[in-house]
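Remarks on the overall topology
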Amino acid sequence: MKDNFDVDVNLDDLPDSDDVKKAEAESSDDVKKAEAENSDSPKKSGKRTKKVSVKDLGEDAQILPIEDFLPPKLNIIPMSGHPMFPGIFTPIMINSGDDTKTIESAYDGDGFIGLVMLKDDDPKDGDKAPTIKDLYTVGTVARIVRKINLPDGGLNIFISSIKRFKIRKTLNASGPIVAAVEYLEDEEFDTFEVKALTRALISEMKEISENNPLFSEEMRLNMVNIDNPGKIADFVASVLNVEKAEQQKVLEETNVRARMEQVLVYIKKDQDLLRIQKKIQNELNENFEKNQREYFLREEMKMIQDELGVGEDGSDYQKFKARIADFEFEGEILEAVENELEKFKLMDPSSSEYFVSRNYLELICTLPWKDESKENYDLVRAAKILERDHYGLDDVKKRIMEYLAVRKLKNDNKGSIMILVGPPGVGKTSIGHSIAEAMNKPFYRFSVGGMRDEAEIKGHRRTYVGAMPGKILQGLKIAKTKSPVFLIDEVDKMGSSYSGGDPASALLEVLDPEQNVSFRDSYLDLPFDVSNVFFILTANTLDKIPEPLLDRAEIISLAGYIDQEKLEIAKKYLVPKNLVKNGLSKSQVKYTKEALLRIAEEYAREAGVRHYEKCIDKIHRKLITQILTGIAPESKKLGAVTKSITDEEIGSLKKETFVIDAPDLDKYLGKPVFDESEIKKAEKPGTAIGLAWTSMGGDTLLIESISFQNDKGGLQLTGQMGDVMKESAQIAMNWVKQYAIEHKIKNPSWFERNTIHLHIPEGATPKDGPSAGITMATTLMSLITNRPIKPNVAMTGELDLTGAVMPIGGLREKTVAAKRNGIKTIFIPKANERDLDDIPDHVKKGITFIPVRHAMEVMKQIFQSPVKKTEEADYGF
């Protein structure tokens, strides 16, 4: 025991001897100085303390171990990361407000705190302060040696951990946590087995410390100088890289032998990890040295080849260099291509970057930088091609001929943008093929339906092996010319996503005449002129196409076909084409006019001709099956096979001819999909027929209404109506109600006691739009006056609250639908009278159009005589 070892002594507890009083007087200056410092040892509130040395206390004084002064209850500080073992002197950062208060309280008291590990470092409720239930039951008691206040309100404390303890009883479960503790003593710490384990532990740790740069020389010395086996095990467990649960298990083990055995197991695991790590490091070094050696050898080979002038004539580099020189690039393009070429020359052919650069240079060499197809077409031939490939569509073909004529006169290669809008199956895509053939230009088609990634248009950035250019450059690479015809299908079905961007916006740069002169694909990242491309876009509807995209294009609408047009299309195109498809000669099967017309009327009423073509195909399949197997077309069982035809007999059968008449369709196509009974008719009061426009073309709309007694009154709507259509129904209801009360058709009380139910059949199909306003008003007026409308009459028009009939769109498609459904009279808004010129004469034939400005003009002409009229009512129509 050194005489100059200082301790804190509680003067109130010492005997009142003269020696002690003398020592107190001599060191009074030191006491005052200690009290003035913030970072001294803990203060003893309410007691007189003195810093004295052992020699001042006399020869008979004894120093008691600190374990004898450990308190029975402790303030608990929750720990995260790893547990604290006894015998450790270390700093700890305290940031929590509750923990800061606990430290301050302990520091002002006896200076002891309990350090206990949290069971979960990332609790579900991260903002909630931990409680005693969140902690393990075994921890370490520590004494605060020094405290430093930090600017952010936290604390940095230096602690000396002393002994294990176990929480015996909770005195305060949270903020601050206080517990009564039981201090744990080491067991079986002085046996031969423990001494052997101690030597093994120190030996194994020396091996780890030599291979691990994180072990300092001071740590090695501390480990050797510890004379307590239990503390050696604690020290080793604290520095090993093991899970906190395993360290906590070591902390909870009071049997020294078992504790050292656990630590030895963890040392073995750490040694295995170090061996694997060392092996991986050696392999990496060997690979690096090998690659470096190969690099130097290749450089030497290149220098030798340069000196001899041999070796590179057939390389990719020389091929790319020669092809790029032919393009005679200038400015930015020349600089970028030369830089890429030089980088490619120095790359290792086995590296992934080599193939990225090679694909990039290959794209540059295959793009048509200067190859422009000459304008070499004849207008007479172009007209014949359009007439040959398409029946009807006169306005579309006329517009295409106008474009070709202007282009021929100007001798200009500049492209154009055209949007073909119409229902499915009317020939939008085939028109693109015909335009390309008429102009003698290559044709490239791609669809953007469902596309959600703008990289499909503008390409991927050249940062990985799988990067590709966009569809535009891919098409130019395939077409091998700067002025092809591009058909971009389904532009109204493009999507967008958070990660992929907006393809519609990316398409704007491609189609804008002011920007596409220097279009930049993200993969190529060089300006490329696509202004000579003739872009044809197709869509079923314009509603979902961005307005800026529509501004850059000329819109050409394709209406659906009427039955007579379908008959001519079938005769000229569908039947001959399908006969060849099914292995029959063009003259082998003949259809009567009645049969073709019946297919259009009863089996394929859609705006286009795709379903019509499927019906033709079905007839031919059943006809061939009947010829070869004897199975009747109407048979549903394979057991009806009655014959088998040989190859020789097939040749003779191809000479036979067959005639398909209207009655034969029942056995080939089954029962009609549509019949006269399904044509929409408004024969009862409270019904009327409107005309609607959809992406599938025009359609007729039967609107029904009934009334029933209900004290709530009001209007009830069904039939999958959209918000705009619901508003139109409410406007129609209010206008009719006001008119009926004003003209005494119904009393106000009738509307209060009766609910009117308005319904549009085919309830599974969503419907929206304002053009059914006049139809709804007519339906409601028919209901409350009990007067049915005249037969074969339909109407379309938006209605406002004053009864004015406002203009609508899609009149051509609506007229085609009315023609298919046998409508003879159509009421249209006066403002749409100008659109009648755009409807072909054969479509308008047999239909009377009545332009109206106000709903009353419709009411005065559309109703039949009333079933029953009240005496005081004045209908006004």
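Residues numbered from 1 in each chain as written. Predicted model: local features only at pLDDT ≥ 70, side-chain atom pairs only at ≥ 80, totals over all residues. Heavy atoms only, no water.

**Some details on helix H7 (residues 229–239)**
So the rule is basically this: Only protein chains enter the area calculation, which uses a 1.4 Å probe; residues under 20% of their type maximum are buried, those over 50% are exposed, and those in between are partly exposed. Here a helix means four or more residues in a row that DSSP labels H or I, a strand means two or more in a row labelled E, and each is numbered from the N terminus.
Extensive coverage of H7 is indicated by the burial of 8 of its 11 residues. Burial in H7 covers these residues: Pro229, Gly230, Ile232, Ala233, Asp234, Phe235, Val236 and Ala237.

**Quick word on the pairing of strand S9 (residues 417–421)**
Note the following rule: By the convention used here, strands pair only if DSSP detects at least 2 bridges between them.
Across the 5 residues of S9, 5 count as buried, placing the element largely inside the fold. Every second residue of S9 is oriented toward a common face, with Ile417, Ile419 and Val421 on one face and Met418 and Leu420 on the other, all of them buried. Pairing between S9 and strand S14 (residues 534–539): 5 bridges, direction parallel. Paired with Ile417 across the bridge in S14 is Phe535. As judged from the 4 bridges shared by S9 and strand S15 (residues 554–557), these two strands associate in the parallel manner. Looking at S15, one finds that Val421 is bridged to Ser557.

**With respect to the packing of aromatic side chains**
Here is the rule we go by: Within 6.5 Å between ring centres, the rings of Phe, Tyr and Trp (the latter by its six-membered ring) count as paired, and their orientation is classed by plane angle as stacked under 30 degrees, edge-to-face over 60, tilted in between.
Taken as a whole and judged by the stated rule, the model has 14 aromatic pairs. Measuring from ring centre to ring centre gives 4.8 Å for Phe344 and Tyr354, while their planes differ by 25 degrees; the resulting arrangement is stacked. Of this pair, Phe344 sits in helix H11 (residues 331–346) while Tyr354 is found in helix H12 (residues 352–366), placing the two residues 10 residues apart along the sequence. Per residue, the accessibility class of Phe344 equals that of Tyr354, and both read buried. Taken together, a centroid distance of 5.7 Å and an interplanar angle of 20 degrees make the contact between Trp735 and Tyr739 stacked. Of this pair, Trp735 and Tyr739 both sit in helix H25 (residues 723–742), 4 residues apart, roughly one helical turn. The exposure classification of Trp735 matches that of Tyr739, with both residues buried. Aromatic ring contacts, followed pair by pair, group Phe320, Phe344, Tyr354 and Phe355 into a single cluster.

**Comments concerning helix H18 (residues 503–511)**
Short version of the rule: In the analysis that follows, any N or O atom pair within 3.5 Å is treated as a polar contact, provided that within protein one partner can donate a hydrogen and the other can accept it, and provided that, for residues neighboring in sequence, both atoms belong to side chains.
Most of H18 sits inside the fold, with 8 of its 9 residues counted as buried. Among all positions in H18, only Pro503, Ala504, Ala506, Leu507, Leu508, Glu509, Val510 and Leu511 are buried. The opening residue of H18, the one whose side-chain oxygen lies 3.3 Å from the backbone nitrogen of Ala504, is Asp502.

**Some remarks on the confidence of the model for the chain**
Defined as follows: Every residue gets a pLDDT, meaning the predictor's confidence in that residue, from 0 to 100. Contacts are residue-level and defined by heavy atoms, with any inter-residue pair within 4.5 Å sufficient.
The predicted model of the chain has a mean per-residue pLDDT of 81, with 83% of residues at 70 or higher. Within the chain, no element has a lower average pLDDT than helix H2 (residues 28–35), which sits at 38, and none a higher one than strand S25 (residues 825–829), at 95. Low pLDDT, under 50, characterises residues 1–55; the stretch is placed with 69 contacts to residues that sit more than four places away or in other chains. In this model residues 309–314 is a low-confidence stretch, pLDDT under 50, and it forms 8 contacts with partners more than four residues away in sequence or in other chains.

**Quick look at the nonpolar core**
Convention followed: Only buried residues count toward a nonpolar core. Its members are Ala, Val, Leu, Ile, Met, Phe, Trp, Tyr and Cys residues joined through side-chain atoms within 4.5 Å.
Counting residues in each nonpolar core, the largest one holds 60 residues, and the members touching the most others are Trp735, Met776, Met781, Ile826, Phe827 and Ile862. Element by element, the count of residues in this core is highest for H25, at 8 residues. Sequence-distant contacts of Met776, that is, excluding residues within four places in its chain, are made with Ile703, Met721, Met725, Ser728, Ala729, Ala732, Leu758 and Ile760.

**A word on a nonpolar patch on the surface**
Heads up, the rule is: Patch membership requires more than 30% relative accessible area and the absence of a salt bridge. Residues of like charge join within 9 Å; the nonpolar side chains Val, Leu, Ile, Met, Phe, Trp and Tyr join within 5 Å. In this description, accessible areas are obtained by the Shrake-Rupley approach with a 1.4 Å probe, and a residue is regarded as covered only by the protein chains that are shown. One speaks of a salt bridge when a side-chain nitrogen belonging to Lys or Arg is within 4 Å of a carboxyl oxygen belonging to Asp or Glu.
There is a patch of nonpolar side chains on the surface, built from Ile276, Ile280 and Leu284 and spanning about 280 Å² of accessible area. Topologically, Ile276 is positioned in helix H9 (residues 256–308).

**Remarks on the packing of H11 against H12**
The criterion, for reference: Every angle, taken between N-to-C directions, lies between 0 and 180 degrees, and every axis is a line fitted to C-alpha atoms, over only the stretch in contact when it is a helix. Rotating anticlockwise by less than a right angle from the far helix to the near helix defines a left-handed crossing, while the corresponding clockwise rotation defines a right-handed one. Polar here means any residue outside two lists: the nonpolar Ala, Val, Leu, Ile, Met, Phe, Trp, Tyr, Cys and Pro, and the charged Asp, Glu, Lys and Arg; Gly therefore counts as polar.
Taken N-terminus to C-terminus, the directions of H11 and H12 make an angle of 140 degrees; their axes are 10 Å apart at the nearest point. At the point where H11 passes H12, the crossing takes the left-handed sense. Here Val337, Glu340, Leu341 and Phe344 of H11 come into contact with H12, specifically with Tyr354, Ser357, Arg358, Tyr360, Leu361 and Ile364. Split into classes, the residues belonging to the contact of H11 with H12 amount to 7 nonpolar, 1 polar and 2 charged.

**A closer look at unusual backbone geometry**
The phi dihedral of Asn440 falls on the positive side, at around 60 degrees, and the residue is not glycine. Structurally, Asn440 can be placed in the loop between helix H15 (428–438) and strand S10 (443–447).

**Quick look at the sheet that holds S9**
As summarised here, the arrangement of the 5 strands in space is S10-S11-S14-S9-S15, forming an open sheet in which the pairing is parallel. Strands with a single pairing partner mark the edges of an open sheet, and in this sheet they are S10 and S15. Averaged over all pairs of adjacent strands, the angle between their axes in this sheet comes to 20 degrees, without regard to strand direction. Direction of pairing for S10 relative to strand S11 (residues 485–489): parallel, over a ladder of 5 bridges. Across the sheet, Ser447 pairs through a bridge with Asp489, a residue of S11. Packing against the sheet, H15 makes contact with S9, S10, S11 and S14, and its axis sits at approximately 165 degrees to S14.

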